[in-house]
Each structure stands twice: as C-alpha cells, then as structure tokens.
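Report on the structure
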Amino acid sequence: MHNEKVILITGASSGIGAATAEKVLEAGHKAVITARSTDKLNAIVERWGEDKVLAVTADVSILAEVTKVVNKANDKFGRIDVVFANAGTGVNSSGIENGDPNEWKTMLDVNINALLFTAKASLPSLRETQGHFIITSSIAGKISLKGSVYGASKWFAYGFGQNLAAEMAEWNGRCTILCPGMVNTPFFNEAKPNKLDPSDIANAVVFAISSDPRCDVREITLMPTK
Ligand SMILES: NC(=O)c1ccc[n+]([C@@H]2O[C@H](COP(=O)([O-])OP(=O)(O)OC[C@H]3O[C@@H](n4cnc5c(N)ncnc54)[C@H](OP(=O)(O)O)[C@@H]3O)[C@@H](O)[C@H]2O)c1
C-alpha cells in the first residue's frame, strides 16, 4: 500500500464523510468524494484543487452509479487504496408499530444495499492494492434500541464488516468498522454540540489507514465522554 493513498469516501457531502475528506486531504492523501449533492462536493474540490480531489455525484443505492464512481476514481488516480463506505440515513417515524415501511425501504437501500454495492464495486480495485475497506456502523449496531430499524441496519453493517474482513484477509486486505455514538452532524435536526465532533471520526479513519500494514484495525468504538 502506498504512503500517499487514494481514498474513496461515500456520504462525503456532509457530516462525518465531509470531515474525513478534509482530514485525509490535510494528511496529503488524494480523495474521491461522492454523494448526491453536487454543490457541496464541488465546494470541497474548490478548496483543495482538482489534482487532489475528484467529485463524482452518485446515488450509492444504485449499483451502476457506485460502479461509475469506482471507474472514475481509477481513471483519474490509477488505483484505489481505501474505500470509506460511510453514506447512511435514518427515519423520522420510530419503532415498528408506528414505523413507516416507505421510510424503512429508503433507509435500508442506503444503510444496507449501498454498503453491499460499494463493497461489490470496489473490491477488485482493493484486491489490486491490498487495500482497506472502512464502514460506518454505529454504537446502535452493538446495543439493543427499542424498535429501532435504523439500529438493526447498523447491526447489519457491523456483522457484514466482520465477514468482509475475513474475505479480504485472504489477500492481505484490511477492513475496519467504526461504531460512533452520537455525532454532531446534519443527521440530526438540532445541533448536538456536547456530543462527538465529525472530526473525531475522521481522526479514527486516519488512525486506521495509517497503521502498519501488518495491523488490521478491525473496529473502533467512539463515545461522547459526557
Ligand atoms: N451522526 C451520528 O450521530 C452518527 C452516529 C453513528 C453513525 N452514524 C453514521 O454515520 C454516517 C454518516 O452520517 P452523518 O452523521 O455524517 O450524517 P449526514 O451529515 O446526514 O451525512 C450523510 C451522508 O450520506 C449521504 N447519502 C445519504 N443518502 C445517500 C444516497 N442515496 N446516495 C448517496 N449518498 C447518500 C449524504 O449525501 P447526499 O444527501 O448529498 O446524497 C451525506 O453525505 C451514516 O452512515 C450514519 O448512519 C452517524
């Protein structure tokens, strides 16, 4: 794996993904950033320049769009060293009895299917670089939360990451699952200034990708101190 890495980030227009784009660019890596909000992605490109960052607008719940992002990343930078599968969403109606199946479908398309599609589309590239796949699960993927379909989707992300780690280990690939508690991002309607900052999660990504190739950081749990 190269010291200067090419890092593909999903959900890069906002919150944890945008903070991670900034951190890895600051650290001297190259970034391929994707989300649906072209304007927000372009603002990052304007700050860092087209030689360091490539923005590709895509809906990651559509396999053909994720494949397009991977192809454009390879065309531009010649390889992919790290994929950060971070895009995710929640629901407004909580619980099962009161839950909205249409909201569930939209959420599961992103939190589960897009994760699968991102891995499916990028694994051949990561195999070539003995690369690294990083997943944003959640503390909600490790504990029980009354009636939470969102939490169940994050249990999927957590379990999938462990199985993917075993598959990738066959060719010296690495896989890290991030399990943050509450982070102050636009995921919530109100600000959460006393909780984790998106830069805390971005620092965990930088830690995982900077570890010696012999060391696969399998999971990182981050909780607000308060
Ligand atoms: N905030 C927390 O407390 C917290 C805690 C634990 C885990 N997480 C997880 O962290 C991840 C990032 O969340 P965040 O807190 O940073 O929230 P956020 O600020 O709302 O960011 C979500 C990102 O996902 C992208 N996205 C959503 N649907 C998409 C789609 N169909 N196609 C492409 N991109 C899509 C959004 O971009 P566009 O809208 O531009 O497409 C945005 O960039 C999620 O997986 C979330 O579940 C969050």
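In case you missed it, the structure is sitting above this.
A brief structural summary. (Residues numbered from 1 in each chain as written. Predicted model: local features only at pLDDT ≥ 70, side-chain atom pairs only at ≥ 80, totals over all residues. Heavy atoms only, no water.)

Some words on the overall build of the protein
To keep things clear, this is the line we draw: Strands are runs of DSSP state E lasting at least 2 residues, helices are runs of H or I lasting at least 4, and numbering of each runs from the N terminus. Only the C-alpha atoms count toward the radius of gyration. The rule for a globule is 2.2 Å times the residue count to the power 0.38. Residue burial is assigned from relative accessible area. The probe radius is 1.4 Å, only protein chains are included, and a residue is buried under 20% of its type maximum, exposed over 50%, and partly exposed in between. Two residues qualify as a contact provided that any one of their heavy atoms is within 4.5 Å of a heavy atom in the partner residue.
The helix and strand inventory of the protein stands at 6 helices and 7 strands. Going from N to C terminus, the protein has its helices and strands arranged as β-α-β-α-β-α-β-α-β-α-β-α-β. Since a compact globule built from 226 residues should have a radius of gyration of about 17 Å, the 16 Å found for the protein is in line with a globular shape. Overall, the protein is about 50 × 40 × 40 Å in size when its C-alpha atoms are taken along their principal axes. For the protein, with 226 residues in total, the buried portion stands at 50%. Across the protein, the fraction of contacts at a sequence separation of at least 24, relative to all contacts at a separation of at least 6, is 64%.

Section: empty space enclosed by the protein
Quick reminder of the rule: A cavity here means a set of 1 Å grid points, computed over protein atoms only, where a 1.4 Å probe fits but cannot escape. A pocket is an open set with protein on both sides within 12 Å along at least 5 of 7 lines, and lining residues have an atom within 4 Å of a point. Grid points are joined across faces, edges and corners, and a volume is the space filled by probe spheres set on the points. Throughout this entry, Asp, Glu, Lys and Arg are counted as charged residues, while Ala, Val, Leu, Ile, Met, Phe, Trp, Tyr, Cys and Pro are counted as nonpolar. The remaining residues, Gly among them, count as polar.
Counted by the stated rule, this structure contains 2 cavities of 30 Å³ or more. In this structure, the largest cavity encloses a volume near 90 Å³. The wall of the largest cavity is formed by 14 residues, among which Ala 85, Ala 87, Val 110, Asn 111 and Leu 115 lie closest to the centre. Mapped onto the lining of the largest cavity, the elements with two or more residues apiece are α4 (101–129), β5 (132–136) and α5 (149–169). A per-class count over the lining of the largest cavity returns 8 nonpolar, 5 polar and 1 charged. Roughly 40 Å³ of internal volume is contained in the second largest cavity. The element contributing the most residues to the lining of the second largest cavity is helix α3 (residues 63–77), with 3 residues. A breakdown of the residues in the lining of the second largest cavity according to their chemical character gives 5 nonpolar, 4 polar and no charged.

Comments concerning the site of the ligand
Here is the rule: Residues are classed as near a molecule or strand on a simple rule: at least one heavy atom within 4 Å of it. Any N or O atom pair separated by 3.5 Å or less is treated as a polar contact, with the protein-specific requirement of one donor-capable and one acceptor-capable atom, and with residues adjacent in sequence counted only for side-chain atom pairs. To be clear on the numbers: accessible area is Shrake-Rupley with a 1.4 Å probe, and residue cover counts the displayed protein chains and nothing else.
As a matter of local geometry, the ligand sits amid 29 residues, with Ser 14, Arg 36, Ser 37, Tyr 150 and Thr 185 nearest to it. Taking Ser 14, its side chain carries an N or O atom lying 2.5 Å from an oxygen atom of the ligand. Separating an oxygen atom of the ligand from a backbone N or O atom of Val 183 is a distance of 2.7 Å. Protein contact buries 92% of the 880 Å² of open area that the ligand shows by itself. Looking at the shell around the ligand, the elements with two or more residues in it are α1 (15–26) and α5. Of the residues in the shell around the ligand, the class split is 14 nonpolar, 12 polar and 3 charged.

Observations concerning the pairing of strand β6 (residues 174–180)
What counts, and what does not: The criterion for strand pairing is that DSSP finds at least two bridges linking the strands in question. Think of it like this: strands point away, you trace from the first strand over the helix to the second, and a clockwise trace means the crossover is right-handed.
The element β6 is largely enclosed, with a buried count of 7 among its 7 residues. Where β5 lies against β6, 5 bridges are found, and the strand directions are parallel. Within the sheet, the bridge partner assigned to Ile 134 lies in β6 and is Thr 176. Read from β5 through α5 to β6, the crossover connection turns out right-handed. Across 4 bridges, β6 lies against strand β7 (residues 219–222) in parallel orientation. For Pro 180, the partnering residue across the bridge sits in β7 and is Leu 222.

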